[in-house]
Amino acid sequence: MSNLEVHFHEIGVLDRIAAGDTFVHRLDPRSKLLATLLFIVGVVSFGKYEVSALLPFFLYPVVMAAASGMPAGLLGRKLLIVAPFALLVGILNPFLDREILTAIGPVPVSGGWISFTSIVFRFMLTVSAALLLVGTTGIHGVCFACEKLGMPRVFAVQLLLLYRYLFVLADEGIRMFRARSARSFSGRAPGPGLYAQMIGTLLLRAIARAQRIYLAMSCRGFDGAFRSRTPVGWHVRDTAFLLVWAAFFTVARCVNIPEIIGSMFVQ
Amino acid sequence: MHMADALISPAVGGTMWVVSAGMIAHASRRLRKTLDESHIPLMGVMGAFIFAAQMINFTIPGTGSSGHLGGGLLLAILLGPDAAFLAIASVLFVQALFFADGGLLALGCNIFNLGLFPCYLAYPLVYRPLAGKNTGARQVWTASVVAAVLGLQAGALGVVFETVMSGISELSFKAFASLMLPIHLAIGVVEGMVTATVVSVVRHAHPEILRHGSGERLAGSSYRRVLAGLLIAAALTGGALAWFASAHPDGLEWAVSGITGREEIEAPKGGVHAELAAVQENVAILPDYGFATANSDGEAKTEEAAWPAVSAGTTVSGIVGGVLTLIVIALSGWVVKRRSETRKVAAG
Amino acid sequence: MSHHLVEARNLSFSYPDGTPALKDVNFRITHGESVAFIGASGAGKSTLIHHLNGYLMPQAGEVRIGEVPVTRETVSGIRRTVGMLFQDPDDQLFMPTVSDDVAFGPLNLGLPRDEVDQRVTDSLSVVGIEHLRDRPPYKLSGGEKRAAAIACVIAGAPDILAMDEPSSDLDPWSRRQLIQLLAGFKHTKIIATHDLDLALDLCERVIVLHKGEVRKDGKTREIFSDEEMLLECHLEKPLRMQT
């Protein structure tokens, strides 16, 4: 299996987890979306040399993962798959910023290493929060929440249709790719000419499919407006969930908790 | 070239969110007026198509590395700029959620870089005038390549700008730009070639779709509205820049020195290999004139004031406290897991 | 019950590239009949089915559903009367969950919320997939997808069911389930297929299409006994009738 097939398989896994039924799953999608956004803004609003104050924020993903039954292994694998860009850019920091800012015992530490550590933590926090959002809410729920919070209908419908046909078209792409690699012996990616032909074929199939879907829609009375039923409602528990986390994020953002705990032990 | 949450500041991320959300609202409003209802499933499936197409890599000639289709320009030609922008934005949205590609805060940046530039800049201002009414293979080819290259270069510059203005990465504008622009030049050429080929295939098989896409919608007033949108985006970006500059006095300096150094980078140097060699050289000698040494003497103090202080004394307590915090978090995670499991057993 | 009539009068159709697909087709299907259109690939079966609910408009001749000709003005009423089952259920299941898909038609009819929910529940239980209610369609097996697609169609309460290759891509067990399900429906059924055994099970009447023309129209057993004609139309006697 190619990397991409693994990738797609894992969307399926996330989807299955999203169909679970725990306290976190039952929350209104809006409360989870807002909490996630607050969390991310809180994390990235720290200065670039901040490391220790980021740590309390790990409470959110850890508790959410534990409460929703999201396997830690899956989160870890996903983090590794998407790591490259952020880490590639971040790893240059230690080379560019060599000014010594502090020391751990006898070992001097440069600003670059501190900011790199900070980037790694930010990365782990923001990525796992996004994955947990979709893993406990599902794309349908996220779309519903976004639409309630002002996302245009056309765009929400676009998202749902995209997601629905992702698997169908990805499957066609994978099959085509397999057929090509079965007949090429170099194992290299195709050059632009062949690539364009493959893309063109895929596109024509996609267009034909879109026409058939439109036919199916109009057979059932589609007139351009998408009507759907609201899946969930806002309860007291949603307000409580949002308030508790917002309060925690605010405290963790304003007070360096590890620093305080540490200073109680180290004089 | 997805921006990542870990590399951006809330000011940059927030500004780009506002800009991108505004563009989505604008595109949706215009689509509601003009959209043929048969285009609704077409847009969705085209988004899924871009996804699938990105799974297949191509070799970039002469480099041995590989890239994949961005697809913004192709969709703009097929569906028109508004529908294409929404389709690309939805692709990025799903990537941010499921692949954690980029991240939720960086989503605004990514939609701006990969959607707005090809759909509202490269397509109406470069592709359309160049391709004109001619459907000849030559015009389409030239127009596609030029538009794809410019769109991707603009996008890459966007990534550089956003990263440097966020100030989390230490890369200077010049160094980062000289890394990003040449490689995206090569990818842009391939993207343009692929776009031209695919467009001619579609023109052959489904001429009616191209008629929809490049219809008369981009008449004078719409042009002006797009330009107005871009101006607003620029103003907002400027606002963020000022905000950023007031919090971090040296940030503006970076950006300004970067802008003055830009002509030099954009000047053609001939050949991908020459470009790459130049990049290597740049990166190798960077530590000599990079950001850190430039203001290590005079501005070290202001820096400590601007960012939460890091000093040797607080470091130890920070580490001890950090370890303890993580232990507490791990314990609470364990407790929550135990509780939800026992509840499940009790319920079942 | 004249509104259940399905009639084609001198129907002809060519595709935009000039390929003729239907040439002077005539037939009349009455209330409660089950009719199979059979023919080789490219014989015009799908084109014909697409005319029955106005996806394609006749270029010459006409199609009448009940006493109403299919035109741009009448098409929305026609689509309530004729339920259409597509060849690839993936094209028909476009919503995030099975129940959303089933509710799509009733919601577009403007029914009140509780009526929509009732129709969803009823339709799912008729095809026996209530347990799949909240599942996303792309996670279903071929047989489950087909069942869900049928639930979508009957949720619109049509009088006539038109089906395009309903048994394609089904494993033998799912195909058997499908045949039993369809046999229980009281609707007028029009099935385009080259699964001749399915036609033998479900339809008392068969219309053979060959190169866009009606080659023969008659009782199922009689037509399937005419081996020479079947071979000429690139067809073959159903396995069950071969000895």
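Quick notes on the rules
- Per chain, residues are indexed from 1 in the order of the written sequence.
- For this description, chains carry letters from A and ligands carry numbers from 1, given in the order in which they are written.
- pLDDT decides what is reported in this predicted model: residues at 70 or higher carry local features, side-chain atom pairs at 80 or more are listed and counted, and totals for whole chains, interfaces and linings draw on all residues regardless.
- In computing side-chain values, all of the structure's heavy atoms are included and hydrogens and water are not.
- We call two strands paired when DSSP finds no fewer than two bridges between them.
- Labels follow the DSSP assignment, with helices taken as runs of H or I lasting at least four residues and strands as runs of E lasting at least two, numbered in each case from the N terminus.
- Each axis is a line fitted through C-alpha atoms, taken for helices only over the stretch in contact, and angles between the N-to-C directions span 0 to 180 degrees.
- In this description, contact between two residues means that some pair of their heavy atoms is separated by no more than 4.5 Å.
- The classification of residues rests on relative accessible area computed with a 1.4 Å probe and restricted to protein chains. Under 20% of the type maximum is buried, over 50% is exposed, and intermediate values are partly exposed.
- Once two parts are brought into contact, the accessible area they lose, counted with a 1.4 Å probe and summed over both, makes up the buried area.
- Salt bridge, as used here: a side-chain nitrogen of Lys or Arg that lies within 4 Å of a carboxyl oxygen of Asp or Glu.
- In protein, a polar contact means a hydrogen-donor-capable atom and an acceptor-capable atom, both N or O and within 3.5 Å, with residues adjacent in sequence counting only if both atoms are side-chain atoms; elsewhere, any N or O pair within 3.5 Å suffices.
- Under this grouping Gly is polar, as are all residues other than the nonpolar Ala, Val, Leu, Ile, Met, Phe, Trp, Tyr, Cys and Pro and the charged Asp, Glu, Lys and Arg.
- Residues with no salt bridge and a relative accessible area higher than 30% make up the patches, which join like charges within 9 Å and nonpolar side chains (Val, Leu, Ile, Met, Phe, Trp, Tyr) within 5 Å.
- In this description, accessible areas are obtained by the Shrake-Rupley approach with a 1.4 Å probe, and a residue is regarded as covered only by the protein chains that are shown.
- Between the first and last residue of a helix there are one fewer steps than residues, each counted as 1.5 Å, and that sum is the expected span.
- Across the chain, bend at a residue is computed as the angle between axes fitted to the seven residues ending at that point and the seven starting from it.
- Each nonpolar core is a collection of buried residues, namely Ala, Val, Leu, Ile, Met, Phe, Trp, Tyr and Cys, held together in the definition by side-chain atoms within 4.5 Å.
- Aromatic contacts are taken between Phe, Tyr and Trp rings whose centres are within 6.5 Å, Trp giving its six-membered ring; a plane angle under 30 degrees counts as stacked, one over 60 as edge-to-face, and the others as tilted.
- Cation placement over rings: the criterion is NZ of Lys or CZ of Arg within 6 Å of the ring centroid and within 35° of the ring normal.

**Description of the sheet that holds strand E10 (residues 213-219) of chain C**
All names here are of chain C.
Then, number 1: Pairing in this open sheet of six strands is mixed, and the strands run E6-E7-E8-E3-E9-E10 from one edge to the other. Of all the strands in the sheet, the pair left with one neighbour each is strand E6 (82-85) and E10. Looking at each pair of strands side by side, their axes are set apart by 15 degrees on average, direction ignored.
Then, number 2: Bridging between strand E9 (residues 205-210) and E10 involves six bridges; their strand directions are antiparallel. Bridge pairing in E10 links Val208 to Lys216.

**Describing the sheet that holds strand E5 (residues 68-69) of chain C**
Residue and element names in this part refer to chain C.
Then, number 1: The sheet built from four strands is open, its strands ordered E2-E1-E4-E5 with antiparallel pairing. Single-partner strands in this sheet number two, and they are strand E2 (20-29) and E5.
Then, number 2: The sheet contact formed by strand E1 (residues 6-14) and E2 spans six bridges and is antiparallel. Bridge pairing in E2 links Ser14 to Pro20.
Then, number 3: Lying on the sheet, helix H1 (residues 45-52) is in contact with E1, E2 and strand E4 (60-65); it crosses E2 at an angle near 55 degrees.

**What about the pairing of strand E7 (residues 160-164) of chain C?**
All names here are of chain C.
Then, number 1: Where burial is concerned, most of E7 is hidden: five out of the five residues are buried.
Then, number 2: Because side chains alternate across E7, one face comprises the buried residues Ile160, Ala162 and Asp164, and the other comprises Leu161 and Met163, equally buried.
Then, number 3: When E6 meets E7, the two strands line up parallel, connected through four bridges. Across the sheet, the residue bridging to Val82 is Ile160, located in E7.
Then, number 4: Bridge count for E7 against strand E8 (residues 188-192) is five bridges, and the pairing is parallel.

**Quick look at the interface of chain B and chain A**
Then, number 1: At the interface, 103 residues of chain B touch 102 residues of chain A.
Then, number 2: When the two sides are added together, the surface that chain B and chain A hide from each other amounts to roughly 9,000 Å², 79% of it contributed by carbon and sulfur.
Then, number 3: Where chain B meets chain A, there are zero salt bridges.
Then, number 4: Our count for the contact surface shared by chain B and chain A stands at three residue pairs in polar contact (both at pLDDT 80 or more).
Then, number 5: Ranked by residues supplied to the side of chain B that touches chain A, first place goes to helix H15 (residues 312-347) of chain B with 19 residues.
Then, number 6: Taken together, the residues that form the side of chain B that touches chain A break down as 69 nonpolar, 26 polar and eight charged.

**Side note on a nonpolar patch on the surface**
Then, number 1: Nonpolar side chains collect at one region of the surface, where Ile104 and Val107 of chain A together with Ile319, Val323, Ile327, Leu331, Trp334 and Val335 of chain B lie side by side and expose about 740 Å² of accessible area between them.
Then, number 2: A total of six residues in the nonpolar patch trace back to one element, the largest contributor, which is H15 of chain B.

**Thoughts on the pattern of salt bridges**
Then, number 1: In the structure shown here, the tally under the stated rule is 26 salt bridges over all chains.
Then, number 2: Between Arg9 of chain C and Glu7 of chain C there is a salt bridge, with the nearest N and O atoms lying 3.3 Å from each other.
Then, number 3: Residue classification places Arg9 of chain C among the partly exposed positions, given a relative accessible area of 33%.
Then, number 4: Through salt bridges with shared partners, a single network forms among Glu172, Arg209 and Arg212 of chain A together with Asp88 and Asp91 of chain C.

**Digging into helix H9 (residues 153-183) of chain A**
Then, number 1: Over its 31 residues, H9 of chain A runs 44 Å from end to end, which matches the ideal 45 Å to within 8%, given 1.5 Å per residue.
Then, number 2: At Leu166 of chain A, H9 of chain A shows its maximal bend, which comes to roughly 40 degrees.

**Some thoughts on the nonpolar core**
Nonpolar side chains in soluble globular proteins tend to be buried together.
Then, number 1: Of all hydrophobic cores here, the largest spans 216 residues; its most connected members are Phe49, Phe85, Phe98 and Tyr127 of chain B.
Then, number 2: Sort the elements by how many residues they give to this core and helix H8 (residues 111-148) of chain A lands first, with 17 residues.
Then, number 3: Excluding its chain neighbours within four sequence positions, the residues that come into contact with Phe49 of chain B are Leu169, Ile199, Leu202, Leu203 and Ala206 of chain A together with Leu74 of chain B.
Then, number 4: Ranked by size, the runner-up nonpolar core spans 48 residues in total, among them Ala103, Val120, Phe224 and Cys233 of chain C.

**A closer look at the interface of chain C and chain A**
Then, number 1: Opposite the 32 residues of chain C that make contact, chain A presents 28 residues.
Then, number 2: Both faces considered, chain C and chain A share a buried interface measuring about 2,700 Å² in area, 56% of it formed by carbon and sulfur atoms.
Then, number 3: Considering only the side of chain C, the residues that lose the most area to chain A are Asp91, Phe94 and Tyr138 of chain C, jointly responsible for 26% of the buried surface there.
Then, number 4: Where chain C meets chain A, there are six salt bridges.
Then, number 5: Across the pair Arg212 of chain A and Asp91 of chain C runs a salt bridge, and its minimum N-O distance is 2.4 Å.

**Side note on the packing of aromatic side chains**
Think of a pair of aromatic rings as described by two things: how far the centres are apart, and how the planes are tilted against each other in angle.
Then, number 1: Counting across every chain of the model gives 24 aromatic pairs over all chains.
Then, number 2: Note on Phe155 of chain A and Phe93 of chain B: the rings are 6.4 Å apart at their centroids and 85 degrees apart in plane angle, and the pair reads as edge-to-face. With Phe155 of chain A in helix H9 and Phe93 of chain B in helix H4 (residues 81-99), the pair connects residues from two separate chains. Here the two residues Phe155 of chain A and Phe93 of chain B agree in accessibility, since each one is buried.
Then, number 3: With a centroid separation of 5.7 Å and 25 degrees between ring planes, the pair formed by Trp245 of chain A and Phe249 of chain A is classed as stacked. With Trp245 of chain A and Phe249 of chain A both in helix H11 (residues 236-254) and four residues apart, this pair spans about one turn of that helix. The same class applies to Trp245 of chain A as to Phe249 of chain A, namely buried.
Then, number 4: Aromatic rings pair up to connect Phe39, Phe46, Phe57, Tyr60, Trp245, Phe248 and Phe249 of chain A into one cluster.
Then, number 5: Stacked on the ring of Tyr165 of chain A, the Lys or Arg Arg164 of chain A has its end atom at 4.8 Å from the ring centre.

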